[in-house]
Amino acid sequence: MNFKFREESKSTNPNPKPNPNNNCGKRQSIDLGNGSDLIYIPRFLALEESWKWFDYLDKEIPWIRPTIRVFGRSCVQPRDTCYVASVGLPELSYSGYQPHPYSWDDYPPLKDILDAVHQSLPGSSFNSLLLNRYKGGHDYVGWHSDDEKLYGLAPEIASLSFGCEREFFLKKKPSKVSPDSRSDGEPVSKRAKKSSSVDHHSFTLKHGSMLVMRGYTQRDWVHSVPKRAKADATRINLTFRRVVDKEER
């Protein structure tokens, strides 16, 4: 397809809009309990438009694969990354790494997809974007939660996927209350079997999809995108977040 982004001319941007195909783009809502919930839209953007975005992101974003610290040891992060944020926000830092914050004006097409996300999620007001590129099945992100203080107590995070489909896992953090301290009389083994089905969720994040984590999901749950030998193509992930004022933390 002969399509080329020109940052200086908005008329050539993809102008993303939520996919009107109700069968493919229908929202799925998952109540995780205790004020946590998810929204999954398998086809947030139309297929052809999603590939245009993939090509733009893959070629134009200044990807870097930084050195981070995990459990006190230095290692190369197993995926490429880039960070975009509104001017004046507190600096992001994770695993001993502080990414350079590019502005939205550095990559104007990203503002168009931000507008589409805001349109789909009334009331949202994202002001930062962390991009990740997984260049095959050996690239991954381990179990973690995006619970940095600068995102507030109950952050909303919208995650868009382009390219290779990858599995996304979500599991509940261990309870601080001992299971033996419950007094409902139910055997511990039966409670464990019952909770295993509700404390773990998995999704196949499709090309052009959007997954939204809301409420206390970051406080009470962890998530990961594990290694997969059969995932032999590139996946690009955009996670929109809101950095809040100190009063909101």
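Residues numbered from 1 in each chain as written. Predicted model: local features only at pLDDT ≥ 70, side-chain atom pairs only at ≥ 80, totals over all residues. Heavy atoms only, no water.

Enquirer: What exactly am I supposed to notice about the pattern of salt bridges here?
Expert: Two side chains bearing opposite charge may form a pair once their charged atoms approach each other closely. Applying the stated criterion across every chain, the model contains 12 salt bridges. Notably, a salt bridge pairs Glu 48 with Lys 52, separated by 3.9 Å at the nearest N-O pair. Placement of the pair is Glu 48 and Lys 52 together in helix 2 (residues 47-60), with a separation of 4 residues, close to one helical turn. According to the relative accessible area criterion, Glu 48 is partly exposed, its value standing at 45%. Residue class for Lys 52 comes out buried when judged on its relative accessible area of 19%. (Salt bridge = Lys/Arg side-chain N within 4 Å of Asp/Glu carboxyl O. Helix = DSSP H or I, 4+ residues; strand = E, 2+ residues; numbered from the N terminus. Buried < 20%, exposed > 50% of the residue type's maximum accessible area, 1.4 Å probe, protein only.)

Enquirer: What should I look at first to understand the environment of Arg 241 in this one?
Expert: Tracing the backbone through its elements, the reader meets Arg 241 in strand 14 (residues 234-241). Separated by 116 residues in the primary sequence, Arg 241 and Ser 125 have C-alpha atoms spaced 8.3 Å apart. If sequence neighbours within four positions are ignored, Arg 241 has contacts with Phe 126, Asn 127, Ser 128, Leu 130, Asp 146, Tyr 151, Glu 156 and Ile 157. (Contact = heavy atoms within 4.5 Å.)

Enquirer: Explain the sheet that holds strand 2 (residues 36-41) to me, please; I cannot follow it from the model alone.
Expert: In any sheet, the strands associate via hydrogen bonds between backbone groups, in a parallel or an antiparallel arrangement. Strand order in the open sheet made by the 8 strands is 1-2-12-9-14-7-5-6, with mixed pairing throughout. Both outer strands of the open sheet, strand 1 (28-33) and strand 6 (101-102), are each paired with one neighbouring strand and no more. Sheet topology note: the strand 2/strand 12 (residues 210-215) ladder contains 6 bridges and is antiparallel. In the sheet register, Leu 38 faces strand 12, and the bridge partner there is Met 213. (Pairing = 2+ DSSP bridges.)

Enquirer: Please explain helix 3 (residues 109-120) as it appears in this structure.
Expert: Within an α-helix, residues lying three or four positions from one another point in the same direction, as the helix has 3.6 residues per turn. For helix 3, spanning 12 residues, the distance from its first C-alpha to its last is 17 Å, which sits close to the expected 16 Å at 1.5 Å a residue. What helix 3 keeps buried is the set Pro 109, Leu 110, Asp 112, Ile 113, Leu 114, Ala 116, Val 117 and Ser 120. (Expected span 1.5 Å × (residues − 1).)

Enquirer: Whenever I open this one, unusual backbone geometry confuses me. Can you help?
Expert: Outside of glycine, negative phi angles account for most residues, and trans bonds account for most peptide bonds. Notably, Asn 34 is not glycine yet its phi reads approximately 55°, a positive angle. Secondary-structure assignment places Asn 34 in the loop between strand 1 and strand 2.

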